[in-house]
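Structure at a glance
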Amino acid sequence: MNYARTITISLPYEEAVSRVREELANQGFGVLTEIDVRATFETKLGVESAHTLGDYLILGACNPALAEQALTAEPDMGLLLPCNVVIRRSPSATTTTVQAINPQTMVQLSKSPGIQNVADHADQRLLVVLAALKEENTNK
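What comes next concerns the included structure.

Analysis parameters
- Residues numbered from 1 in each chain as written.
- Predicted model: local features only at pLDDT ≥ 70, side-chain atom pairs only at ≥ 80, totals over all residues.
- Heavy atoms only, no water.
- Buried < 20%, exposed > 50% of the residue type's maximum accessible area, 1.4 Å probe, protein only.
- Helix = DSSP H or I, 4+ residues; strand = E, 2+ residues; numbered from the N terminus.
- Pairing = 2+ DSSP bridges.
- Axes fitted to C-alpha atoms, helices over the stretch in contact; angles between N-to-C directions.
- Parallel < 35°, antiparallel > 145°, perpendicular 65-115°, else oblique.
- Left-handed = near helix turned anticlockwise from the far one by under 90°.
- Contact = heavy atoms within 4.5 Å.
- Nonpolar A, V, L, I, M, F, W, Y, C, P; charged D, E, K, R; others polar.

Of all eight residues in strand β3 (residues 55–62), six are buried, a share of seventy percent or more. In terms of strand pairing, strand β2 (residues 30–36) meets β3 through six bridges, oriented antiparallel. If you follow Thr33 over to β3, its bridge partner there is Gly60. One ladder, built from seven bridges, connects β3 with strand β4 (residues 83–89); its direction is antiparallel. Within the sheet, the bridge partner assigned to Ile58 lies in β4 and is Val86.

The contact between helix α1 (residues 13–26) and helix α6 (residues 113–138) brings their axes to 9 Å, and the two run at 135°. Compared by their axis directions, α1 and α6 come out oblique. Note on packing geometry: the crossing formed by α1 with α6 is right-handed. Contacts from Arg19, Val20, Glu23 and Leu24 of α1 reach α6 at Leu126, Val129, Ala132, Leu133 and Glu136. Residues of the contact of α1 with α6, tallied by class, amount to six nonpolar, no polar and three charged.

Below, the discussion takes up the packing of helix α4 (residues 64–73) against α6. Where α4 meets α6, the closest approach of the two axes is 9 Å, and the angle between their N-to-C directions is 160°. Taken together, α4 and α6 sit at an angle that is classed as roughly antiparallel. You can see that α4 and α6 cross each other, and the crossing is left-handed. Touching Leu66, Gln69, Ala70 and Ala73 of α4 are Gly114, Ile115, Asn117, Val118, His121, Ala122 and Arg125, all from α6. Residue composition of the contact of α4 with α6, by class: six nonpolar, four polar and one charged.

This is the structure we're talking about:
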């Protein structure tokens, strides 16, 4: 199973970040965590390391209703929450990559029947986010 859903769009990095946030909100996801990997690399490893990586942001997206269902079905699912969404662009790239975790990964790691339903709903919503970004990008 592929653990990531990936699209490539021609939006500039900053615009892609903004659009990802908007589309996540449209699907009921809030951003609980945000990790600017480039800034962390710059601070911890130096400017050259950060430049080599390029722009790289990890958003921890959470749909509260789905998270409640997952945690009620199996409290250990908190280890797999929130759903990570990555927006990245290497220094030489002309496109931006957007990736979302495949929620079906939860199903592979759980014996709880309630997790399948949560994973299906989360997957549907994340696929809508990616499709909206891809469609908008195609129509430009």
